[in-house]
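Survey of secondary and tertiary structure
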Amino acid sequence: RRMATAARQSLKIGLIPADGIGKEVIPAARKVLEAIGSDIPKPEFVPLLAGWEVFVRSGTALPEETVEALRECDGALFGAVSSPSRRVTGYSSPIVALRKELDLYANVRPVISVAANPEEKPAVDLVVVRENTECLYVKQEQLVPTENGKEARATRLITERASRRIGKMAFEIALGRPRKQVTIIHKSNVLSVTDGLFRETIRQIPFDSNGRYDSVKLEEQIVDSAVYRLFREPQIYDVMVAPNLYGDIISDAAAALVGSLGLVPSVNAGDKFVMGEPVHGSAPDIEGKGIANPIAAIRSAALMLRHLGYTAPADRIDRAVDQVIREGQVLTPDLGGKSSTNDVLDAVLKKL
Ligand code: GGG
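Residues numbered from 1 in each chain as written. Predicted model: local features only at pLDDT ≥ 70, side-chain atom pairs only at ≥ 80, totals over all residues. Heavy atoms only, no water.

**What to know about the overall build of the protein**
- Along the protein, the regular secondary structure elements total eleven helices and twelve strands.
- Computed over the C-alpha atoms, the radius of gyration of the protein is 20 Å, within 12% of the 20 Å expected from 2.2 N^0.38 for a compact globule of 352 residues.
- Overall size of the protein, expressed as C-alpha extent along the three principal axes, is 60 × 50 × 45 Å.
- For the protein, the residues scored as buried account for 53% of the 352 residues in total.
- When contacts within the protein are restricted to residue pairs at least 6 apart in sequence, long-range pairs at least 24 apart make up 74% of them.
- Split by element, the accessible area of the protein, about 16,200 Å² in all, is 49% carbon and sulfur.
- Averaging the coordinates of the 45 positive side-chain charges in the protein and doing the same for the 45 negative ones gives two points 1 Å apart. (Helix = DSSP H or I, 4+ residues; strand = E, 2+ residues; numbered from the N terminus. Rg over C-alpha atoms; globule rule 2.2 N^0.38 Å. Buried < 20%, exposed > 50% of the residue type's maximum accessible area, 1.4 Å probe, protein only. Contact = heavy atoms within 4.5 Å. Areas by Shrake-Rupley, 256 points an atom, 1.4 Å probe, with all protein chains shown as cover. Lys, Arg positive; Asp, Glu negative; His and termini not counted. Charge placed at Lys NZ, Arg CZ, Asp CG, Glu CD.)

Structure follows, in structure tokens:
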């Protein structure tokens, strides 16, 4: 699913490194985009603020100027955010808010291993399509005192509209892949109303699409069994479509199958805007050490270009990254190497 490549003179890209290693990996992705050359319109970067650190300094995690500036951009790259695990008055996760503000309803997370030989098929080659705007992430939580102590409640929202559009996104992505298979991930044996609606809405899509998806095989799986099978036989999956929370968990888990969370990219995509974002978080344990793996951010930049319709430069970036991984000489510690973020960046730039 691509956005039309309007004849652009320049490509305006918002950069929101946010917290922790986001500030180390987003500059690396920027350098790769700068090095692409005339395959894309000259990129113009717009540095923007968001995150926990900005909240601590200024009292707001997502400044209004950031959202307004993004509305003027062609695309964006977001790094990572370190929301605290406790409730902090006035704080709300900026990435969750941004996805809603810009209606980036799909989080598309390809999880692909790099085969030792470029002619071989990768052992893992799947895409998690995560609904990005609802489920438990509507964050309607309440803490109520009762005579037996505190009671915490959360609203889980699943709508037909959001389920249909994420389902369609999954079918469209499957159409562009050789296996053309979509697996709906749900738990409607227990949550028959919410997950039931998600499942039934997506199952209905092929019947309402005038044959467009006739070539797509539709499967479904209960989320717990899907995780089990993902670890035992990942090759059975092609496109997995899931409500927000399951999609978040499954894609992090799937990252373990390809060596590191530091390799897995994503885009937050809507019908009019796309924002690349590495799947990893802000990694406070390695922040400032210069050893964060920049590959997920670099691949997220490639995925952003792909969604904007710039397929050839996206392929060039991915091929360069594949070569660096395949050679195995310049790897960050998460992949068992000793190289720095900048070493990996330089190695990728040399292969471009
Ligand atoms: N780049 C992905 C990322 O930042 N993951 C951590 C995450 O989603 N945190 C949610 C939050 O801190 O609000």
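From this point on, the discussion continues.
**Quick look at the UniProt feature "domain: Isopropylmalate dehydrogenase-like" (unreviewed entry) in the protein**
- Taken from the UniProt record, the annotation "domain: Isopropylmalate dehydrogenase-like" (unreviewed entry) applies to residues 12–348.
- The distance from the first to the last C-alpha atom of residues 12–348 is 23 Å, and the span holds 37% helix and 20% strand. (UniProt positions renumbered as here; feature names shortened; annotations may be inferred.)

**Points about the pairing of strand β9 (residues 217–222)**
- As paired elements, strand β8 (residues 181–186) and β9 share six bridges and run parallel to each other. Paired with H186 across the two strands is I222, which belongs to β9.
- The handedness of the β8 to β9 crossover, carried by helix α6 (residues 194–204), is right-handed. (Pairing = 2+ DSSP bridges. Right-handed = clockwise from strand over helix to strand, strands pointing away.)

**What about the packing of helix α10 (residues 311–327) against helix α11 (residues 341–351)?**
- For the pair α10 and α11, the least separation of the axes is 8 Å and the interaxial angle reads 120°. Judged by the angle between their axes, α10 and α11 are oblique. Handedness of the crossing formed by α10 with α11: right-handed. For the pair α10 and α11, contact is made by A320, V321, Q323, V324 and E327 and by A347, V348 and K351, respectively.
- A per-class count over the contact of α10 with α11 returns five nonpolar, one polar and two charged. (Axes fitted to C-alpha atoms, helices over the stretch in contact; angles between N-to-C directions. Parallel < 35°, antiparallel > 145°, perpendicular 65-115°, else oblique. Left-handed = near helix turned anticlockwise from the far one by under 90°. Nonpolar A, V, L, I, M, F, W, Y, C, P; charged D, E, K, R; others polar.)

**What about the environment of R177?**
- Note that R177 resides in the loop between α5 (160–175) and β8.
- R177 sits 62 residues away from V239 along the chain, and the two C-alpha atoms are 8.9 Å apart.
- Not counting residues within four places of it along the chain, the set of residues in contact with R177 comprises D125, L126, V127, D238 and V239.
- A polar contact of 2.9 Å, which involves the side chain of R177, links it to the backbone oxygen of D125.
- Among the polar contacts made by the side chain of R177, one reaches the side chain of D238 at a distance of 2.6 Å. (Polar contact = N/O pair within 3.5 Å; in protein donor to acceptor, adjacent residues only side chain to side chain.)

**Thoughts on the site of the ligand**
- Around the ligand sit G79, A80, V81, S83, S93, E277, P278, V279, H280 and G281, and those are all the residues in its vicinity.
- Here an oxygen atom of the ligand sits 3.0 Å away from a polar atom, N or O, in the main chain of V81.
- Within the side chain of S83, a nitrogen or oxygen atom sits 2.6 Å from an oxygen atom of the ligand.
- Against a free-state accessible area of 360 Å², the protein chains account for coverage of 77% of the ligand. (Near = heavy atom within 4 Å.)

**Focus on the side chain of S163**
- You can see S163 is positioned in helix α5.
- Here S163 falls in the buried class, since its relative accessible area comes to 0%.
- Those residues in contact with S163 that lie beyond four places of it in its chain are I158, F198, T201 and I202.

**Quick word on the sheet that holds β8**
- Read across the sheet, ten strands follow the order β2-β1-β3-β12-β11-β4-β5-β10-β8-β9 without closing on themselves; strand pairing throughout is mixed. In this open sheet, the two strands that pair with only one neighbour each are β2 (42–47) and β9. Neighbour to neighbour, the strand axes of the sheet diverge by 25° on average, direction disregarded.
- Strands β5 (125–131), β8, β9 and β10 (239–242) of the sheet are contacted by helix α7 (residues 223–232), whose axis makes an angle of about 105° with β9.

**Some thoughts on the nonpolar core**
- Core analysis: the biggest nonpolar cluster contains 61 residues, and V129, V241, M304 and L305 have the highest contact counts within it.
- Ranked by the residues each element gives to this core, the list is headed by helix α9 (residues 295–307), at eight residues.
- One finds L48, F78, I95 and F273 within the second-largest nonpolar core, a separate group that totals 25 residues. (Core = buried A, V, L, I, M, F, W, Y, C linked by side-chain atoms within 4.5 Å.)

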